[in-house]
Amino acid sequence: MDPSLLIGVAIAFGALLAMISLEGAHVSALLLPAPMVLVFGATIAIGIAGGTVADAREAVRALPRAFRGLKGSTDDLITKVVGYAETARMQGLLALENAVADEDDPFIRQALQNIADGTDADDLRVVMEDQVATTASRRRTAARFYTTLGGYAPTVGIVGTVISLTHVLEKLDQPDTLGPLIAAAFVATLWGLLSANFIWLPIGTRLQRLTEIEIDRMTLLTEGMLAVQSGSPPHLVEERMRALAPEAPSKSGRRAQKSAVSADETP
């Protein structure tokens, strides 16, 4: 689990609470039900109206991913594919069918099944690349939904403030009440800006980044599984995959990096 979203949002709201405390204000002054209902309710409603029901459902399904991140690492994926290359090298491609039931990743599982079934390399590449494209489209739709909410929220907040100020103008004959009413009126704008920059935009940006990482991994797996199908030696499969993933250097590369660091530290 990658808790960066939780950490970042928690620190942001913590800084907000710190400012409120230092100013001598009270949090209760910001927790007004009316502007919060308008900002959150109308923003989500407009977001749904701007797309399809399927888009909204996909966005809801993608929300847990924004908090937990992606499972595993690139290095783990490379190790797994190299293991399949060793199996294919020693026992043949048909032996990969035994690993299908134990594989948790549906993308790898289908690739293993296609390889065991004798699918042509060109057809396998087309199938896997189509899966990558479909996944990318679905994931980006979810990220775009939350980013769109981040664009709507400040405007909805302004609408709430205008409505409240209209109510304030009706109370000009009661000057003692104008101060609190005006302060409450701007709470809607505050929640519009807060929800956009503290909630919706971080979620959308986070999902977009996770999508980039996931698509990179799927592309890496495509090349790795095609190398397995072609019967490449396991060490060549590993070297090719690590060459395509700069963040996952080979074992020899890691040893070289450690040696270089040691040499630099030597007086």
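Keep in mind that what you see is a predicted model, and the values were worked out from it rather than measured. (Residues numbered from 1 in each chain as written. Predicted model: local features only at pLDDT ≥ 70, side-chain atom pairs only at ≥ 80, totals over all residues. Heavy atoms only, no water.)

A. Local environment of helix α4 (residues 74-91). Its 18 residues give α4 an end-to-end C-alpha distance of 26 Å, which sits within 8% of 26 Å, the value for a rise of 1.5 Å per residue. Turning to α4, its buried residues are Thr74, Leu77, Ile78, Val81, Val82, Tyr84, Ala85 and Ala88. For α4, the arc enclosing every buried residue in end-on projection is 160 degrees, short of the 170-degree limit, so these residues lie on one face. Summarising the geometry of α4, the exposed residues directed more than 90 degrees from the buried face are Met90 and Gln91. Of the residues one or two after α4, Gly92 is the one with positive phi, at around 95 degrees. (Helix = DSSP H or I, 4+ residues; strand = E, 2+ residues; numbered from the N terminus. Expected span 1.5 Å × (residues − 1). Buried < 20%, exposed > 50% of the residue type's maximum accessible area, 1.4 Å probe, protein only. Arc of directions from axis to C-beta.)

B. Looking closely at a nonpolar patch on the surface. A cluster of nonpolar side chains, contributed by Leu17, Val27 and Leu31, occupies part of the molecular surface with about 240 Å² of accessible area. Residue position: Leu17 is located in helix α1 (residues 4-23). The class for Leu17 is partly exposed, based on a relative accessible area of 44%. (Patch = residues over 30% accessible without salt bridge, like charges linked within 9 Å, V, L, I, M, F, W, Y side chains within 5 Å. Areas by Shrake-Rupley, 256 points an atom, 1.4 Å probe, with all protein chains shown as cover. Salt bridge = Lys/Arg side-chain N within 4 Å of Asp/Glu carboxyl O.)

C. Structural context of the environment of Gly231. As for its placement among the helices and strands, Gly231 is situated in the loop between α8 (175-229) and α9 (234-244). Classification of Gly231 as partly exposed rests on a relative accessible area of 35%. With 139 residues separating them along the chain, Gly231 and Gly92 place their C-alpha atoms 8.8 Å apart.

D. Spotlight on the side chain of Ser195. Here Ser195 lies in helix α8. A polar contact is formed between the side chain of Ser195 and the backbone oxygen of Trp191, at a distance of 2.8 Å. Sequence-distant contacts of Ser195, that is, excluding residues within four places in its chain, are made with Val39, Phe40, Ala153 and Trp200. (Polar contact = N/O pair within 3.5 Å; in protein donor to acceptor, adjacent residues only side chain to side chain. Contact = heavy atoms within 4.5 Å.)

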